[in-house]
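A look at the structure
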There are 2 protein chains.
Amino acid sequence: MQQRSEETRSKILSSAIKLFSTHGYNAASVDDLCRDAGISKGAFYHHFKTKQDLFLALLDGWLQTIDNAIEASKELTAPETFMRITEAFPYIFETAGEGLPMFLEFWLQASRDEKIWQASIKPYHRYHKHFTALIKKGVDEGSFVEVDPELTSRMIVSTAMGLLLQSLMDPKGAKWEKVARESTAMLIDNLLKK
Amino acid sequence: MQQRSEETRSKILSSAIKLFSTHGYNAASVDDLCRDAGISKGAFYHHFKTKQDLFLALLDGWLQTIDNAIEASKELTAPETFMRITEAFPYIFETAGEGLPMFLEFWLQASRDEKIWQASIKPYHRYHKHFTALIKKGVDEGSFVEVDPELTSRMIVSTAMGLLLQSLMDPKGAKWEKVARESTAMLIDNLLKK
DNA sequence: GAATAAAAACCGACTGGTCGGTTTGTTTTT
DNA sequence: AAAAACAAACCGACCAGTCGGTTTTTATTC
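1. Quick look at the overall build of chain A
- Within chain A, the secondary structure is distributed over nine helices and zero strands.
- What you see in chain A, going N to C, is helices and strands ordered as α-α-α-α-α-α-α-α-α.
- Counting only C-alpha atoms, chain A reaches 65 × 40 × 30 Å along its principal axes.
- By the burial criterion, 46% of the 194 residues in chain A qualify as buried.
- Pairs at least 24 residues apart make up 68% of the contacts formed inside chain A by residues separated by at least 6 positions.
- Here chain A contributes 24 positively and 26 negatively charged side chains, and the mean placements of these two sets differ by 3 Å.

Next comes the structure, spelled out in structure tokens:
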């Protein structure tokens, strides 16, 4: 079918991830992207309307993986889900160094660009609701103490984001994976019924 | 003396804050800055060696205000200090919308630019140590339960940063000031001796 | 299944414009 | 008058996006 087309598109996508994370959205020019992907500028603009369009495609793909992860943990109990997340910490912090700057870039773009904000805010709300529901489920199941699910959700997400940010700022300043594990333990300890 | 010179410098500085926050470091050109400040490019490059030099000057000034705030609360007890911080929440969240994007920009630049990273990481370590010492003081004073000050410090800072980030992402998604107050209450409640 | 037509994918030189920084010259301060 | 502060024209590099033309793939006809 359009096998070559698919290949080109994915070459652009992975070059974009690579260059956007290392040099940033602005610093990585379309020419750079094309050179790295080994394609021409014409091919690039055949697949993406603009540079921002590519950016949005990247965002989409990234949100998709989160949706998949959520889907995969749908039938677990609340404490089990938290355990799953904890188990993913080593992988998360290992890959944070490459992926996080781009994540920050998304944030920055979203705070200034209406189109990107719209594309980000909906999934953000979806994830927040999912997480809140998860905590509420834990409370209803009787495994968590009576907390405000909404508030607790905001807190947990905050802690996670803050830890990731700090680990980006100062990767060698602490054993971040350990800090994350102990923080989670502390949070869960306060959440679990004794 | 060099009164006019001082004036020009501060005009550049405040225009930089204004334009960097609204449009971003890259998008705000030196020409834009000069136009906004009402000066010429010659004047700009008389005061700052490069655009990045201006950026670093901004960072310096901002770190100075933090140092001042810390200095001003040096003789308070640990719980009193936390109270002070809580009282500052309304102001912090009010001004977050303008200042935060620039803060994020600092972060992003720091993660990619050795010079800016060096200028950021030292104060970051200083603040972390100060905060850790504050918690240790609270434990020693007997007002806090026995926690790991290092870990607790990382957690509290994470929560604060995460809340600020979320409020940037979705300013109207929650009453962030209220979430912050309740989160603090929750954290302190777990910290204070009963 | 070979020939042909149509469509999709791709190429790369080119454009209009921007940007960080420099240079040269003028005004102001001391 | 010397030095510091500022103005304005200028420079070369760069960059997102375009466009006319070419190659490859797919669909159609015989």
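The structure having been displayed, the exposition proceeds.
2. Things to note about the domain arrangement of chain A
Residue and element names in this part refer to chain A.
- Domain boundaries in chain A define domain 1 (1–48) and domain 2 (50–191).
- Measuring from the centre of the C-alpha atoms in domain 1 to the corresponding centre in domain 2 gives 28 Å.
- Of the residues lining the interface, 17 residues belong to domain 1; the matching set on domain 2 comes to 13 residues.
- Of the roughly 1,200 Å² buried between domain 1 and domain 2, counting both surfaces, carbon and sulfur atoms make up 71%.
- Here domain 1 and domain 2 share zero salt bridges between them.
- Those elements that place two or more of their residues in the side of domain 1 that touches domain 2 are α1 (3–23), α2 (30–37) and α3 (41–47).
- For the side of domain 1 that touches domain 2, the leading source of residues is α1, giving seven residues.
- Here the side of domain 1 that touches domain 2 is composed, by residue class, of 12 nonpolar, four polar and one charged.

3. A short note on the packing of aromatic side chains
- Counted under the stated rule, the structure contains 24 aromatic pairs over all chains.
- Centroid distance Phe44 of chain B to Tyr45 of chain B: 4.9 Å. Interplanar angle 70°. Geometry classified as edge-to-face.
- Directly above the aromatic system of Tyr25 of chain A lies the positively charged group of Lys51 of chain A, at a separation of 4.5 Å from the ring centroid.

About the cut-offs
- Residues numbered from 1 in each chain as written.
- Chains lettered and ligands numbered in written order.
- Predicted model: local features only at pLDDT ≥ 70, side-chain atom pairs only at ≥ 80, totals over all residues.
- Heavy atoms only, no water.
- Helix = DSSP H or I, 4+ residues; strand = E, 2+ residues; numbered from the N terminus.
- Buried < 20%, exposed > 50% of the residue type's maximum accessible area, 1.4 Å probe, protein only.
- Contact = heavy atoms within 4.5 Å.
- Lys, Arg positive; Asp, Glu negative; His and termini not counted.
- Charge placed at Lys NZ, Arg CZ, Asp CG, Glu CD.
- Domains from an automatic or database assignment.
- Buried area = accessible area lost by both parts, 1.4 Å probe.
- Salt bridge = Lys/Arg side-chain N within 4 Å of Asp/Glu carboxyl O.
- Nonpolar A, V, L, I, M, F, W, Y, C, P; charged D, E, K, R; others polar.
- Phe/Tyr/Trp six-rings, centres within 6.5 Å; stacked < 30°, edge-to-face > 60°.
- Lys NZ or Arg CZ within 6 Å of the ring centre and 35° of its normal.

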